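Structural features, examined
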Amino acid sequence: MTQLRVLRAGPATTVQDAGRLAWQHVGVSPAGFADPLLAALGNTLLGNPRDAAVLEWTLHGDALQVVGGPVRVVVAAWADVRVDGQPAPNFRTLRLHDGQLLEVEALQRGRHGVLAIAGGVHTDLVLGSRSAHVRTGVGGHPLRAGDTVPICLDVHPRAADRFLPADQVPQPSSLVRILPGPQHHLFEADALPSLLAHPWHVRAADRMGARLEGPPLQLLPDVELVSEGVVTGALQVPPSGQPIALGPDRQTMGGYAKLAVVISADWRHIGQWRDGEQVQFQLTNLVDAEQARINADRALADLLAAQRDVHDILPFESARLLHLLS
Amino acid sequence: MIVVPQGDAAVVITCAAHPGEAASARVHAMAAAVRAAALPGVVALVPGYTTLVVHFDPRVSRTAPLADAIAALVPVPAPSARRRWHIPVAYDGEDLAEVAAHAGLPTEQVVALHSAAVYTVACLGFAPGFAYLTGLPAQLQTPRRSSPRPRIAAGSLILGGQQTAIMPMAMPSGWHILGHTHVQLFDVTRMAPCLLLPGDRVQFVPTVAEALADRVARCEVGP
């Protein structure tokens, strides 16, 4: 079976798919893609299902050596890529042979990047998902040098090489849209306006969430709260008044009041925020949030349609190929 | 029953004003009703102390029709039979003396009170298999530690505020450690990965540490 051997691991490279949503009632965090859009782009360029398991990098890529192969991969990340020391493109099929070395450097944009692999990563399914939840170890741990990553069989080994023009890949955004949260009425009247009026500094971001820094958001006095289920995108406000935007590795329940919730179309941006970045919130309503969801899905469909076979832009090479075949 | 959105991919059903046995019964009756209704797009149900959160795929369903469908459901009360777990624990935790000092009781009395109480699983959260237990005797309620420990061992019997629990896996925690058990609260290789479920009763059986490895969690089912 084809494998990728980790020669040098980034700070927190994990296997991720769409996550294990259905086990939240017994306390299992969903985990899953920090940026589902990058995973969908990488996977579909290879002919994989959109949610096939990928390697997701945090801040820095890895050095990976192919064992077996050949294997088709796509680097869906803004980073310098090298194959056997030679520069190689991102958002484009790369064909790697036994022994070849793929190196991905520091991510130049965003916090997460994706290595999609034809067939998908083939680690064990745990409760229906391959996603690694870093804090509990459910589904696995971050990769370390010496680990090997098993790859599923590539069912389309002769598929054409494909690419997506890099300028068409949607960028991470520091502006996200929010809806008022289920406890917004338990805050001082100026809390929601203050959340919207000020830029917020990302103080510490990880897969669980992004801690934000700004003017304290105050709860009304004597509010009694009990823990309840939380969603990805929820802006929880602990007693410090400094909100936390929840990411895919969030806990299933939380005891803090939720002033607002980032709409699902914008969740991917939370996973891309970096420490020190300034982010901003814009108020929307449920109807517009639902429309934003539809628009995001349409935009993704357009992106998938915009993918091109590599020979589309290499008339000379394809002409030569036709000549050889005739 | 009030249904409000939590973003565009979940709704919160408030089933009771205050936590407690009656509130938990209503939350779980509502969860049973939503599960049985098989509403389109629903991906997860998360019961809390007073609320049920229904997660849904926003590509499949929308908030308003889903909330209307939920509001029309009739809660399904749980069968009266309950599971009563007897979990062997060694009361040898490093914070036992501190909890005793806070309560103004000898440690033997803390162990006697803690192991005599019958706890009820209100809900699960924080970590896989982590059961929030209600029923901690008032004398034992102790504020959480001022500085959380970065890691406490799996199987730790812990106490924080008005609650007590067993830590299913090594995690950070600000709760006090009373003891430990070998019983596994969560194991993905089991048919039912999660040992304790909402509504279960739990009692702790004081056991010498050396004997823990041989003891399983016993369970009775009855009214």
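Residues numbered from 1 in each chain as written. Chains lettered and ligands numbered in written order. Predicted model: local features only at pLDDT ≥ 70, side-chain atom pairs only at ≥ 80, totals over all residues. Heavy atoms only, no water.

What follows covers the interface of chain A and chain B. At the junction of the two partners, chain A supplies 38 residues and chain B supplies 40 residues. Carbon and sulfur atoms supply 66% of the area buried between chain A and chain B, which totals about 3100 Å² over both sides. Ranking the residues of chain A by area buried against chain B places Val26, Met253 and Glu290 of chain A at the top, with a combined share of 17%. In this structure, the connection of chain A to chain B is made through one salt bridge. The interface formed by chain A and chain B holds seven residue pairs in polar contact (both at pLDDT 80 or more) in total. Where the side of chain A that touches chain B is concerned, the elements lending two or more residues are strand S16 (228-229), strand S20 (257-262) and helix H4 (286-306) of chain A. Among the elements that make up the side of chain A that touches chain B, the one with the highest residue count is H4 of chain A (six residues). Classifying every residue of the side of chain A that touches chain B by side-chain character gives 21 nonpolar, nine polar and eight charged. (Contact = heavy atoms within 4.5 Å. Buried area = accessible area lost by both parts, 1.4 Å probe. Salt bridge = Lys/Arg side-chain N within 4 Å of Asp/Glu carboxyl O. Polar contact = N/O pair within 3.5 Å; in protein donor to acceptor, adjacent residues only side chain to side chain. Helix = DSSP H or I, 4+ residues; strand = E, 2+ residues; numbered from the N terminus. Nonpolar A, V, L, I, M, F, W, Y, C, P; charged D, E, K, R; others polar.)

Attention now moves to the packing of helix H3 (residues 96-103) of chain B against helix H4 (residues 107-116) of chain B. Residues and elements named next belong to chain B. Packing of H3 against H4 brings their axes to within 9 Å, and their N-to-C directions diverge by 90 degrees. As judged from the angle between their axes, H3 and H4 are roughly perpendicular. Contacts between H3 and H4 pair Leu96, Ala97, Val99 and Ala100 from the former with Thr107, Val110 and Val111 from the latter. Broken down by class, the residue content of the contact of H3 with H4 amounts to six nonpolar, one polar and no charged. (Axes fitted to C-alpha atoms, helices over the stretch in contact; angles between N-to-C directions. Parallel < 35°, antiparallel > 145°, perpendicular 65-115°, else oblique.)

Let's shift gears to the sheet that holds strand S15 (residues 209-213) of chain A. Residue and element names in this part refer to chain A. With mixed pairing, the seven strands of this closed barrel are ordered in space as S13-S20-S17-S18-S15-S14-S21. Between one strand and the next, the sheet's axes are offset by a mean angle of 40 degrees, whatever the strand orientation. Alignment of strand S17 (residues 234-237) against S20, held across four bridges, turns out to be antiparallel. Residue pairing across strands places Leu235 opposite Ala260, the latter belonging to S20. (Pairing = 2+ DSSP bridges.)

A negative phi holds for most residues other than glycine; trans holds for most peptide bonds. Residue and element names in this part refer to chain A. Across the junction of Gly69 and Pro70, the peptide omega takes the value 5 degrees, indicating a cis bond. Among the structural elements, Pro70 can be located in the loop between strand S4 (63-67) and strand S5 (71-76). One non-glycine residue, Ala31, adopts positive backbone phi at about 50 degrees. Assignment of secondary structure puts Ala31 in the loop between strand S2 (14-16) and helix H1 (36-45).

This brings us to the confidence of the model for chain B. Looking at chain B, pLDDT values average 94 and 100% of them are 70 or higher. Across the interfaces of the predicted complex, the ipTM metric reaches 0.92, alongside a pTM of 0.92. (pLDDT = per-residue confidence, 0-100.)

What follows is about the packing of H1 of chain A against H4 of chain A. Residues and elements named next belong to chain A. Viewed as axis vectors pointing N to C, H1 and H4 meet at an angle of 30 degrees, and their least axial separation amounts to 10 Å. Viewed along their axes, H1 and H4 adopt a mutual orientation that is roughly parallel. By crossing handedness, the relation of H1 to H4 is classed as right-handed. Contacts between H1 and H4 involve Leu37, Ala40, Leu41 and Thr44 on the former and, on the latter, Leu300, Leu303 and Leu304. (Left-handed = near helix turned anticlockwise from the far one by under 90°.)

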